[in-house]
Structures are given as C-alpha cells and as structure tokens.
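One letter stands for each residue in the lines below.
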Amino acid sequence: MPKLRYGNDPKNWPHPDMAKIVKVCETVSQEKDWMGRRDAAILSSPALFGSRASENAVLKRNQVQIGGDRVFVTFTILKLHHNKKVRCLCQRLAKFGWNNCPHCGGSLSGIPPLPQKEEQTDIERQRKTNHPLMPFFIKWVEEVPLDGVLFPKSSIPGIFGIDVKPQWERALSRQGIYMIVRKHLNDYWPHLFRHNLATGFSRVGFSETDLMKWFGWTRYETAERYTRLGGGARIKSMGESSV
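Calculation rules
- Residues numbered from 1 in each chain as written.
- Predicted model: local features only at pLDDT ≥ 70, side-chain atom pairs only at ≥ 80, totals over all residues.
- Heavy atoms only, no water.
- pLDDT = per-residue confidence, 0-100.
- Contact = heavy atoms within 4.5 Å.
- Core = buried A, V, L, I, M, F, W, Y, C linked by side-chain atoms within 4.5 Å.
- Buried < 20%, exposed > 50% of the residue type's maximum accessible area, 1.4 Å probe, protein only.
- Helix = DSSP H or I, 4+ residues; strand = E, 2+ residues; numbered from the N terminus.
- Phe/Tyr/Trp six-rings, centres within 6.5 Å; stacked < 30°, edge-to-face > 60°.
- Lys NZ or Arg CZ within 6 Å of the ring centre and 35° of its normal.

Observations regarding the confidence of the model for the protein
Where the model shows low pLDDT, its predicted coordinates should not be examined in detail.
And then number 1: Confidence along the protein averages 83 in pLDDT terms, with 81% of residues attaining 70 or more.
And then number 2: Within the model, pLDDT remains below 50 along residues 233-241, and this stretch shows 18 contacts once partners closer than five positions in the same chain are excluded.

Here you go:
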C-alpha cells in the first residue's frame, strides 16, 4: 500500500503529477471496451472533486449535472459509528471491552455497547469544464443511463468470447475503486488526491469554513491543518473561486 510506504505524515506524501495523470487517462480511455473510459473517469473524479472512494462507490448518474461551463456533482457521505463505546452507569462514555469505567471505576461487565448509527449527508461540489481531466469525466457521464450507477461493475461472461457488459444497477465497491486507481497509478491512492486538492484550495485562499463545506469535515482543526499546509494564503470565498 503506497500510504504505508510513505508513512502517515502528509508532508512525505508524493505530489500528484497532473501531466502524468492526464496522460494515463488518455491511454486508458482509448482502450476498446467501455471499462477503459470508466477507469479514466474513476481516476479523474478524486482529482477533480476530492471525493473519497466511498463517495464514488455510491455515486449515481442522476447526481451529476452538466450546465454551461461547470459540472455539478452531489456526493453522498455515509458515516458509520461502530460499536466501540458504552455509556457507563455514571453516564459517561467508556471504550467497549474495558473491565472498569476509567471515570468512576465501576464495572462495565454486562453493559452492552452503544448501537451503530449511520449518518448521511449530501454535499454538492462543482468544477469548471476547462480542467484538463474534465473531458474524461464528462465523456463517461454521457454514456451512463440516467437511472444507473456512475461506476458500475462488469458482468462476468459465461462463455469465452462474449463481450463484458456494464451492470448499471450494481456499483463498484470502495475497495474496487481503490484497486483501479492502484492499477493505473501505482504510486497514488484515492485519498492522496483529496489531500492534494485540499492543500491546493488553501493556497488559493479558501478559508477553513469553505474547506469544511467542500470536503464535508465536521472538525475545524482538520481544515485548519490544511490552511497551514497551504501557507496561510488570504481568505477568499468559494463564490469568488475560479476552480
């Protein structure tokens, strides 16, 4: 995994080479079957919108709108809170699996974990069509039926020689999207594009609030870290941005 190779410090992560990505997308999109055009769009999406692999996995064609000189995409963010904590008799939270509460010292044996809770948020992001990666994204979007998933799985041919068809009702998994990025860009991974885009936005003057709205962050500290990485550029509202 590339991230393990470069460590957890973003300062040591490679900077995505846009010319290299465009060249790879050009090569991939010229493959004979539809999967090449799909893969080129998968490589383009995180670089354009800073989308997580999990966001791309649930993306549908009707969530993409092309109008004028901009492309609008509504991403669905799913967050699942796992059973990792319990509420003790003292009404404070403790980690599930501990024998005693770290706050009051009371026994936690027999106390069930808190139920899992899933939160869903929709965030609209937009980019101008003059971005060098946008043609690959738009070309694929125009092929997808309006009621289909944007990044479908392929059918499995039963007989050798039968063409593989897209399954418009079945989307690639998060891991499937990750593997496609690794297949074509071995040194990159989806979250690297997200990190790079956030740093780039902070350099052109996005404020912490703008970054939180775009990327769906709930913690101010996360956005503040990127404004520091971006060099503390002047604050510019998203309405004035040229992205």
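Read on, since the account is not over.
A closer look at the nonpolar core
Side chains of a nonpolar character, in soluble globular proteins, are inclined to be buried together.
And then number 1: Of all hydrophobic cores here, the largest spans 40 residues; its most connected members are Phe49, Val71, Val73, Leu133, Phe137, Leu150 and Phe151.
And then number 2: Counting residues per element, the ones that place at least two in this core are helix H2 (18-29), helix H3 (34-49), helix H4 (53-57), strand E2 (70-81), helix H5 (134-141), helix H6 (174-184) and helix H7 (190-203).
And then number 3: Of the residues forming this core, the biggest block, 8 residues, is contributed by H3.
And then number 4: If we ignore the near neighbours within four places in the chain, the residues touching Phe137 are Ala41, Ser44, Ser45, Leu48, Phe49, Val64, Val71, Val73, Leu150 and Phe151.
And then number 5: Judged by nonpolar contacts, the second largest core, of 11 residues, contains Leu197, Trp214, Phe215 and Ala223.

Some remarks on the packing of aromatic side chains
And then number 1: Under the criterion given, the structure shown has 11 aromatic pairs.
And then number 2: Taking the centre distance of 4.6 Å and the plane angle of 25 degrees together, the rings of Phe201 and Phe206 count as stacked. Comparing Phe201 with Phe206, the two get one shared label, buried.
And then number 3: Three or more aromatic residues link up through ring pairs in this structure, and these residues are Phe201, Phe206, Trp214, Phe215, Trp217 and Tyr226.
And then number 4: Across the ring face of Tyr188, the terminal group of Lys20 is positioned such that the distance to the ring centre comes to 5.2 Å.

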